[in-house]
Each structure stands twice: as structure tokens, then as C-alpha cells.
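Here are the chains, one letter per residue:
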Amino acid sequence: MTSNSDVKITIEEAPDKNKILEIVCSPNMKHAATLDVANNISFWTTINQDQLLEKVKTVCIDNIRINENGEKIFAISNNKCISISLYRVDPYNFKIFDFETEKEISLNFPDWQKEIDFLSFIDGGSIILVNARYYRAYIFSNKEKDNNITWDCKSRIELKYFKKINITPKGKLIIFNDTIYEITMWDIEKLSANTRILIEWSCTPEFIEISDDEKLLFVCTKDKKTKETSVFAFSTETEINISSFSTPNLEIDKLHLIASKKGERLLYRCINKSGKYNFNLMDPYNLKNPINVTSKLFEKKQYQEAYIIKSDKIIYTNDGNVLIEKLVSDNWIEYLRKDLKDTNSITVPSEKTIDIIIKFIKNTSTDVYNVDKAEFEGKFLKWGLELDDKLVRLTVADYNFRQKKWNDAKKQLDIIPSFCPYGKNFILNCEVLENDDFITFTRIGIIIWTYKIYGIKMHYFWNDWNDHLEKFDFKFNALLGRLNGWTSGRILPASSYKTVYKNLYVKFGESELFKEFLKNDKWVRNLGGKCMDHCMDKKNNNHLISKISLLNIIFENFNDLSESHPAFIASTLASIGLVVPSTIVIPNSMSSHLSCYGSYYNLSKSFFDRLISDLWVCWISYKKIFQKFQEWCPLFCIVKPIINSYFVGNSSIILAIPLPNFVSYPKKYNFWKELILPSPNPFTHSNKVDVINEEFYRYLNGEALLKFKWNAYGRYYYLTAWAIYTVFLLSFVIAATYYKTISQTSLFILLKITICLGIWHLFFGLRQFIYAPLNYLTSAWNFFDLGAFLLPMISSILWLQNKNLPTEWATFSTLLLEIKFLLYFRAIEFSGSYFSMILGVAQRGFSFLIILGFIVFAFAHSLHLLLRPTIDVSLDYPSYSNDPNDPWNLATTYNNIDPNGTIEVNSSLIEPPTATTNMFMLMGSAIAAVYIMLTGDTSPISYWDLDNNRTLLILTIIFSFVTTIYLMNLFIGLLSNEISNTKTRELFLILRAEILEEIELLYMLHHQRRKENWFPFVIFYECQTVKLREHVMDIQKDKWLGYRKPYISKNLYNVLHLPDEPPSLEQVVIDIKNLKESMKILTKKS
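Residues numbered from 1 in each chain as written. Predicted model: local features only at pLDDT ≥ 70, side-chain atom pairs only at ≥ 80, totals over all residues. Heavy atoms only, no water.

Engineer: How should I be thinking about the sheet that holds strand β20 (residues 229–235) in this particular structure?
Structural biologist: Across a sheet, paired strands are connected by hydrogen bonds in the backbone, their directions being either parallel or antiparallel. In spatial order, the strands read β18-β19-β20-β21; together these 4 strands make up an open sheet with antiparallel pairing. Each end of this open sheet is capped by a strand with a single partner; those strands are β18 (203–210) and β21 (241–247). The average undirected angle you get between the axes of adjacent strands in this sheet is 20 degrees. (Pairing = 2+ DSSP bridges. Helix = DSSP H or I, 4+ residues; strand = E, 2+ residues; numbered from the N terminus. Axes fitted to C-alpha atoms, helices over the stretch in contact; angles between N-to-C directions.)

Engineer: Honestly, the packing of helix α19 (residues 780–802) against helix α20 (residues 807–823) in this entry has me stumped. Any pointers?
Structural biologist: Helix-helix packing is characterised by the crossing angle of the two axes and by the distance between the axes. Direction vectors running N to C along α19 and α20 enclose 140 degrees, while the axes themselves pass 9 Å from each other. As judged from the angle between their axes, α19 and α20 are oblique. The handedness of the crossing between α19 and α20 is left-handed. Between α19, through W781, F784, D785, G787, A788, F789, L791, P792, I794, S795 and L798, and α20, the contact on the second element is made entirely by W809, A810, F812, S813, L816, L817, I819, K820 and L823. Tallied by class, residues from the contact of α19 with α20 come to 15 nonpolar, 3 polar and 2 charged. (Parallel < 35°, antiparallel > 145°, perpendicular 65-115°, else oblique. Left-handed = near helix turned anticlockwise from the far one by under 90°. Contact = heavy atoms within 4.5 Å. Nonpolar A, V, L, I, M, F, W, Y, C, P; charged D, E, K, R; others polar.)

Engineer: Whenever I open this one, the UniProt feature "transmembrane region" (unreviewed entry) in the protein confuses me. Can you help?
Structural biologist: Annotation from UniProt places "transmembrane region" (unreviewed entry) at residues 716–739, 746–763, 783–800, 848–867, 915–934 and 954–975. Helix makes up 100% of residues 746–763 and strand makes up 0%, while its end C-alpha atoms are separated by 26 Å. With 100% helix and 0% strand, residues 783–800 has end C-alpha atoms that lie 25 Å from one another. (UniProt positions renumbered as here; feature names shortened; annotations may be inferred.)

Engineer: What's the story with the sheet that holds strand β8 (residues 94–98) in this structure? I'm lost.
Structural biologist: What the 4 strands build is an open sheet, ordered β6-β7-β8-β9; its pairing is antiparallel. Pairing within the sheet leaves two strands with one partner each, and these edge strands are β6 (74–76) and β9 (103–105). Mean inter-strand twist for the sheet, computed between neighbouring axes without regard to direction, equals 25 degrees. Judged from the 5 bridges that link them, strand β7 (residues 81–85) and β8 form a sheet pairing that is antiparallel. Looking at β8, one finds that S83 is bridged to I96.

Engineer: Please explain the nonpolar core as it appears in this structure.
Structural biologist: Grouped burial of nonpolar side chains is what soluble globular proteins tend to show. If you look at the biggest cluster of nonpolar residues, it comprises 112 residues, and the most contacted ones within it are L551, L578, F662, F683, Y713, F1020 and L1028. Dropping the residues within four chain positions of it, L551 is found in contact with C531, M532, C535, I576, P658 and P660. Ranked by size, the runner-up nonpolar core spans 29 residues in total, among them V392, F438, I456 and M458. (Core = buried A, V, L, I, M, F, W, Y, C linked by side-chain atoms within 4.5 Å. Buried < 20%, exposed > 50% of the residue type's maximum accessible area, 1.4 Å probe, protein only.)

Engineer: Sorry if this is basic, but what is going on with helix α26 (residues 1025–1036) here?
Structural biologist: For an α-helix, the turn length of 3.6 residues means that residues three or four places apart are oriented alike. Look at α26: 16 Å from first C-alpha to last across 12 residues, which is about the 16 Å you get at 1.5 Å a residue. Every buried residue of α26 is listed here: T1025, L1028, H1031, V1032, M1033, I1035 and Q1036. After α26 finishes, the residue D1038 shows a positive phi value of roughly 60 degrees. (Expected span 1.5 Å × (residues − 1).)

Engineer: Is there a simple way to think about the packing of helix α17 (residues 744–771) against α19 in this case?
Structural biologist: Across the interface, α17 lies against α19 with an axial gap of 9 Å and an inter-helix angle of 150 degrees. Between α17 and α19, the angle is such that the two are roughly antiparallel. Read as a crossing pair, α17 and α19 show a hand that is left-handed. Contacts between α17 and α19 involve L747, F748, L751, K752, T754, I755, G758, I759, H761, L762 and Q768 from the former and N782, L786, F789, L790, P792, M793, S796, I797, W799 and L800 from the latter. Residues belonging to the contact of α17 with α19 are distributed by class as follows: 14 nonpolar, 6 polar and 1 charged.

Engineer: Sorry, what's going on with the environment of E239 here?
Structural biologist: Tracing the sequence through the fold places E239 in the loop between β20 and β21. When the C-alpha atoms of E239 and N194 are compared, they prove to be 9.0 Å apart, with 45 residues separating the residues in sequence. With near-sequence residues (within four places) excluded, E239 lies in contact with N194, T195, R196, I197, F234, S549, N552, N661 and F1017. In this structure the side chain of E239 is engaged in a polar contact, spanning 3.1 Å, whose partner is the backbone nitrogen of R196. (Polar contact = N/O pair within 3.5 Å; in protein donor to acceptor, adjacent residues only side chain to side chain.)

Below, the structure written as C-alpha cells:
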């Protein structure tokens, strides 16, 4: 082994045959490289596809690096380049050279990189290199110039974090994040996560395999306690765990998916108790009933040694030679059934089914279905059609392999709907699929039939009519036009639920096939219930994290379900309100209550992220130096315990928010539409449904979700918006307050800043109006915001035009600006509860204020009619009338007093009346006067003599009793009750959710809404054990106010050491019945 030195690699003739330890092949399987016991790496190339590979050249090297799995790292490309990982760092810890030209390939990295931990050649000829220490990936592509091939760094990607990483031949990165036990498949070209799946926290992933078309992903795990091996199959398109199996006795070391285009099978190699290898086949969609194929499928192959299975071919070694053969025969399904005795179901790839339909569409005019053909033979099923004018009967018979003939007994089913009068013309075309299912192209849509033990069953139906089929006017070209949008893929287009649901009771002979297709008419509840059942480990009463992706079925349709089935959504939230992925308790956690747990990352090429990564690298280097300094300096040995004594951690438990894609936005979008009218996600839509909104934020999940969003991005956007508004406020307030002391130039700058920032705020107000015009117009706060933005702008414009301060405009502008500034505190936690209480109580008391306003108006109107002057009066000139309501007669008079103390009546001085002398002269001022009286101030009626005006006295008494005494005290009591009943915490959370919704939809750009670290698949959080126990104990004591009590799993009981719940009444009745039966049995025996 050499270190920090160059390694000379000599290419020589092939030595004698040595035992081959490892083998790798190029992505196109035309070249291979082997490593033998003497550390020789040999290059092999194919002569043809079905025979011995020819050894071309050999490299001898003694310091090949070994990875954590004990494998020596090397790879080979389509263009005959080979890479070798070495134990050195100068200049790099790997070498790449061309076997054909015998030249070394040099790579120029965009940074100081010298160490590469993972390297792979991909289909396009590029190289992907990954550094596991600094979490970086580099993509190099080759260019030919002047007969020389040069390699340039196409991009450098910051991966942020991973525990394990795989590179697929198509250039995808499969990354395992052990902080949240998530496996993500990334498209490094688009920097987007194609697939995100979760595995159980009690397991550790041993290895990951993916199908050739990258549509199925398999994870082999081992339980940390029981050491039980499990295999999980996931769809990379739907992210759903299709199937799984566990085995305590076998150790599985390799997985392969074969025959993906004929009849898919999972092939796995395991080590039995005797230490020998066995190969088994299973249906990847239903991992049961393994078929041992060691002796037949691998009869002549040396499967004990290194081998590669890819693209239905196998490259294996035999006596020092490398061979390539087809593993999957052309008659694969027949081989499965007859030779391997595999009776497991076969799933035909949907792309073949779609290809059949598309082929039929294109050839409709020339290829017409032969109605006289009555039988259609498959591999082990024979379908038949019996047709006449009123009958279409489907029959099926299975093949008897022992007697080698078709069974005489047939299952049959009438498949023509009762409303369809044309029997012979009902079926337009039909064909047997490779898995022996039967596809029929009918006048009501496309139907696929399958055979079960109990008979024929409708397996798939498609028609996007979305109405009663009796009204469906079949037009051949129109139906074909609908099908033209179908594209070849693994998954068929979704069945139209609306079409099936509206035709549940259509009779097909004596059967209701649509009703059987959906199981029952309570489809939503039934489907949701089944999803929840699959997410539960019924044996241990715990949630299964690996099955959480099934809830995608619910939350992908959250917008519709929350409005049409709110009770179902509320019930679902209760079932997953307290999900504990692991029983591990963090003893001294420094995290706050409900803080985010784990690492969430987003691949990035941005300069900012690259700068942060470079600074992180510098910090790692500095940290090592600092740690050495700490060990050397004795002062730190004294200071460190003192510092640690101030940091006291809390015991905490990890919980999950099992709402897959609840916060995620659609991957596919239109740039301009997204810019003007962004598409919502389930989270932003939930804020519009009051029932779901209030229910969701009763759970810890709701509060933890908002805390994650706020800490991840919300506070940064909010504080930035607040800072911009503060500049807007200060520019106008300073100008209005100190305009006499600042220069004209500074004044003009401040006013122009006010106008520009006002336009900025109005732009976002306009976006809010375009997004939801009805909601915008029905919210009083939006009009308040408009006033706060428009009035300062108008004041500034008038000021610039007239060169004078518009005092009244400036007064109201300042008032609204400063109140608006105060409202920004509503999103801050320490004051948000009070704002939510103020706003919540105000909303609830608004109706009472309207009633009180009508009463004030009624009294004001009455007093206006009673106390208004009967003649026209002026406050500037006396009217000299006898009207008792004349302000001049109500005004204060001053008389002279002679030396004898006698008041002179004939001469007096009158104090001129003001607008407040008789406030009931005008209706507007009358309302103001009554409002003043509402506070207990009787000064508006103090100018009249109540003894001489009994009507006024009666009105005053009634008003003071009804409003001042009764209604005002009633209002105070109601406010008190509302304050005590107001759920301030929930209102604050709803208020913050609305702010986050506004940030996401109005302030973020389209690509920011797709950042995986801001909008992850599923979120985990820490909950302090003491607070969680109090919360759960309140639920057990029936203090829960929600729709339904949250489900408490066995894991949660064990972690929190909860007392057992008392049995329900139903359970008591069952126990009594069982006890009686036991007593009867004992009595009989005695």
C-alpha cells in the first residue's frame, strides 16, 4: 500500500487464470472488468451477446481501496474507460484510464477536491463522482477536440447530507437519510426528488436495488433487535409500498428484478442454514410463496462466484472465464408455469396494455374485430364470448397441467349492461394479455377482466364520461379522441371514480359489477379505512412508517375530500394524530418543544449554497485545530463543565406528521400560470375549510408543522416584509413629523421612497386579489391594508404637487400606518396569542355590535326628530325665535346684578352657541351624541330642562336602562365569556397558518415552492416527554374537544408509561359472555 504518492499502472498481457472475486460491467453490458485474488483488474469485451467474453488487457495494482462493505471500488464505462479507487490523496484517491488508448484521464475539479468515495459511469457517457465527507457530487462529461477527448466538470452539486448513496445507470442518485429513515431518488439534471419513501425506524437498510426502468425499488433491511431480514417493494411513481415480506431464518444478500417487460419477478439470493446459496422467485407485487429456482434457472451457472444480472441477462464467471447469457427466455410465462411450476399471479406491464389499446386506435379503420371468434387462448386461461342480440356472456376455463388439457368446467358472467340494446355490437375489440387477463374495448369504455377462484371479476374500467352511462352517446371517433392522450407507461390511467359511482346500480345480467368493483357505495370511507388498516401493525397496535405513503391516496385528493367529506378527513387526522416512529427516548435533548427533528435537504447548484458549503469545509478544518487547542489548554477543562451546567436538556420523544405530500406542490407546472395564479397544496387549501382548519390545529401535528415552516422559511420572509414596511412607515412619518427641520431634497427623497414602496405593497395586494377575489373582498383587513398603503401614497403625491403638507391626509395616513405596524406583531409568538384573542373575540362580538348600532341609530333618529329646531337657524346670527330647540335659546346667558343683588332681567349677554349646543340638529351629529350618552355622559341633553320635557325624560330613562345599564353590561359579560371560551392558542396557529399561506403563494417564486428542505414529504419533530404525557393523559380523561379522540399506539403507551385505559362497555359485555361460556363448559365437565 502506498500513500500520498502517484501509482504507476502498467497495462500488460492477461496472466494465467486466477479466481475472480468481483465483476462490474458497463451500462450497456458490452464491456466488463474483473478483479482476481492477485489484485489484477482485467478488461473484457463481448464477442457476441450469448457466449464467452474475451479478455483484452489486465492491470496489476496493489493499493485498491476497499469500501465499508468490503468491496474493492472500481467501475467501467461504455467507451472503455475504467476507474480504480486507491489508498492515496495526492493528486487524487482514484485513477481513470482508457483501456483502448492506454492513457490516463485527468479531471479538473472546480475546487480543491482530492477524495472521491463513490464513482459511476452512466448511460450517456458522463461520470458522477461523490465525496461523502463534504457531501458533494460532480458530473463530468467528455468532449472530443482535435482527436483528443477532454473531460469537463458539467456541474457541482451540494448534497447537504446522506448516510448511504447509490448511483443508477441512468444518472439518478438514491440517497438514504438515516436521521428520518427516508430514501430519496433524485434527478440530478432537474435537481428534483422523483421518489421519496420511508422505512421502519427499527430497521437498518442493508442494500437497495432498482429495476432497469427505474419504476420499482427494493430495499432489504435487517431489524436492529431481532436481526430479522425484510424486503420492501416500492413503486417509484406512486411512492407506495406495494408489498413486503420478512424472514427470520434467511440472510438475503442480493435482489434482482427480471422480466420486467414480460412477467415481472423478483429474484433474490439467500444463504440457507447449511451456508449454501439458494435462488428464489416471487411476484414483486405480492411477495408471497417463493419458488426455488436454483437447480433450473441456474443449472449450469457458477452462481457461487461473482455475477451480474441486468437487462434480463446474466454475466457470470466460470473457471476464470467471463460469460454472458440470456436469463429470461422468449417464452418466459410458459416457462414459469410449466417448468418452474410458478402459479403466482403475473402482472403485465401496463405499457404493453396501453400499447395494445393505442395499436387498436391506430388500426381501427383496417383491423375490425371478428365477432364470430368465440375463444381466446392464453397461457393457462381460455376466455370465451357468447354473443347474440341481447346477450354478451364471458366465459373462462383454466388449464390442467397434470392432464395437459383445458378443464371442461367454466366460469361465466354476463357483461352487457341492462340499458344497452345492442349485443353483438357491444364489444369492439378484445385480446388476452400476457398475464392471461382479458381486455375488452366496449361501447361503454375499456374493461379488463381477471379470473379469481370464485369467478370472473372486473379488474379495471375506464371512461371519463363522469355521468350516467345511459346518457353516454357513443361516438367512435370521440371515444378514440379521449384515448389519444394515453401514453405508454407502467401505470394505467386512473379509473374514473365519478363514472363508476354514478352507475353503481347498473345491472350486468344479475350482477352489479360496478358496485362489486368499488366493494360498496361508501367508497370514500371504505378506501380511507383500508388505507389506514394497511398503515397499522394490527399485531402490535402500532403505526407502520413504511406504509405511510398509502395515505397519498387521501391527501392527493385532500382539496375535494375536505369539502365533500370533512368528517372522514377529521377521522383520518385523529387516527394519525400521535404517530411514534420509534420507542427511542432522547434523554438530554437541547431542542425546544415541537421542534423539527432530522435533516431535510435539497440538492443545489446555487452560488449561495456553494459558498455556505465552502465555509462549512473551512469550519471543519478550523474545528479540528480548535479541538487540539482545547486538549492542550487547561483553561477549557475548567470552563467547559461550568458552561455545560447552564445547559440542561429535556427528555423528548420523536413523533411524525404522517401527511405525505401535504405541504408539497405539484412537480409539473406552467411558469406563467404559476407566476400569476399559483396552484395551492393541501396545506394552503386547508386554511379555507373552517371545520378542517380548527380540527387540525387541535393536534400537536398542526402546531409542529407550523413551527417547522416558520423556522425553515416563514420568519425570514416575514421579517423581510416587515423591514420593507418599516422603511415605508419611517419614510412617511419622518417626512410628516420633521418636514420643517429637514432639507427639501431629503423631504422629496422620503416622499418618493413612500410612493415606490407603496406601489410595491399594492402589487402584492393585487396578486392576493387575483388569486382569491371573493376572499379578498370579504375580508375587512384587506381594506385596512389598502388604506394603510394608499393614503400615504396619495398624501405624498399631493404634497409633491402642492408643496404643502396635506394635514388631514397625513393625520389618517400616520394613524393607519402605525396601527398596521402594530399588527405585524400578531405573527410573533409572545404577542400573537393576544392579537388572536382580540381579533377572535371581535369577530364573535361583531353581530352584537351591529344590533347595538341599530339601537343607537333608532334613539338618535328619535331624539333628532324631537330636539331639532323647527325653523332654519344659524350659529353665526341670532334667530330671535321662541323655539325651545333653537341653539340660541339653549345657549348660556349672563345677566347683570345690581348693587342690591337684584338680577336685571331686561338686559343679558348670550354666549354664542356652538355645534355641541344642540347636537341633535343634524342626523350625523345626533348619532355622535347618542354614542357619547352610551358611555354615561349626559352632556348632549344637559341644555334641556327634563322636568318640562317629559318626552325627552322618558326617552332618556329608556335609553339609559336599555343601553347603558342592560346592553352594555350584557356586552361586557358576553365579552368575558367569549374571552374565556376563546381558544387563543388555536386561533394564533390559524392566524400564523394564514400568514404562511400568503408567504408561500404570493412572495415565493415557483422554484422556491419546490424546495424539498422547505416542503418535505413527511416531517418529524421532537416532543418533550412531560408535556406529551400531560397531553395524552388529558385525552384519556376525556378532555379532548376535537371530533374524535386521537389513536394512542402501543409504542406511545410503552414510551410514556401510561396507565391502561378502562375497557369499553362493549369489551365488558364480550368479557362477560366469554366468562359465562367458560363457566358452562366447566359445569358440564364437572
